[in-house]
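Below are the chains, spelled out letter by letter.
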Amino acid sequence: MSSKRQPFDVLAQLSSLRRYARSLVRHPDDAEDLVHDALVRAYERKATFRTGGNLRNWLLSIVHNTHIDRLRRAKSLDRRHDDAAYLTDTVEQGDPHHSIRLRQLREAFHALPDEQRDALHLVAIEGLSYQDAASALSIPVGTLMSRISRAREKLRAFEEGRRDVTASHLKIIEGGRDETR
């Protein structure tokens, strides 16, 4: 092998990275997501790779560290949700109907899609401005506003006892006929 600098050939390492990711997360889709996130990190930190270093080992360590970061993030999120649940349980011990209603609302909040729940939490619970919340989530303000709107609509539907939230504002038209005639 020559002493020339080897190219940053990540594609040749994909099968190894996928195998390792699969052994870490045990689900093919999650493994692909993990490899993708790790490769993004690798390309962002390409300048830190030592010339002559073992690219495969370097990439495998990035996959491992990305996996650990994801586990920590998920554990932290679960802990925050558990803490919030504990606080709401201890705040209202008086009226059992109110306590049951709070528990139902909390469950409805936790049933929201992650992106909607995170956006609503940052604005409604943490009190961040739309701009600050959008920056924290690395999304445009318009996207944040859309997520919050959809989350609030789903919670409103829960309060009103509606089942189908997604199409509540849509008019169903069959074959171009006006159903009002």
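As the structure is a prediction and not an experimental result, all values here were calculated from the model. (Residues numbered from 1 in each chain as written. Predicted model: local features only at pLDDT ≥ 70, side-chain atom pairs only at ≥ 80, totals over all residues. Heavy atoms only, no water.)

Enquirer: Please provide a residue-by-residue account of the packing of helix 6 (residues 130-137) against helix 7 (residues 141-160), values included.
Expert: Relative orientation of the contacting elements helix 6 and helix 7 amounts to 100 degrees, with a least axis distance of 9 Å. As far as their axial angle goes, helix 7 and helix 6 are roughly perpendicular. Every residue of helix 7 that contacts helix 6 at Tyr130, Gln131, Ala133, Ala134 and Leu137 is listed here: Val141, Leu144, Met145, Ile148 and Arg152. Taken together, the residues of the contact of helix 6 with helix 7 break down into eight nonpolar, one polar and one charged. (Axes fitted to C-alpha atoms, helices over the stretch in contact; angles between N-to-C directions. Helix = DSSP H or I, 4+ residues; strand = E, 2+ residues; numbered from the N terminus. Parallel < 35°, antiparallel > 145°, perpendicular 65-115°, else oblique. Contact = heavy atoms within 4.5 Å. Nonpolar A, V, L, I, M, F, W, Y, C, P; charged D, E, K, R; others polar.)

Enquirer: For the pattern of salt bridges, give the residues involved together with the corresponding values.
Expert: With the rule as written, the count across this model stands at six salt bridges. The partner of Arg70 in a salt bridge is Asp37, and the shortest N-O contact between them spans 2.7 Å. Of this pair, Arg70 sits in helix 3 (residues 55-91) while Asp37 sits in helix 2 (residues 28-44), and the two are 33 residues apart along the sequence. The class for Arg70 is partly exposed, based on a relative accessible area of 26%. (Salt bridge = Lys/Arg side-chain N within 4 Å of Asp/Glu carboxyl O. Buried < 20%, exposed > 50% of the residue type's maximum accessible area, 1.4 Å probe, protein only.)

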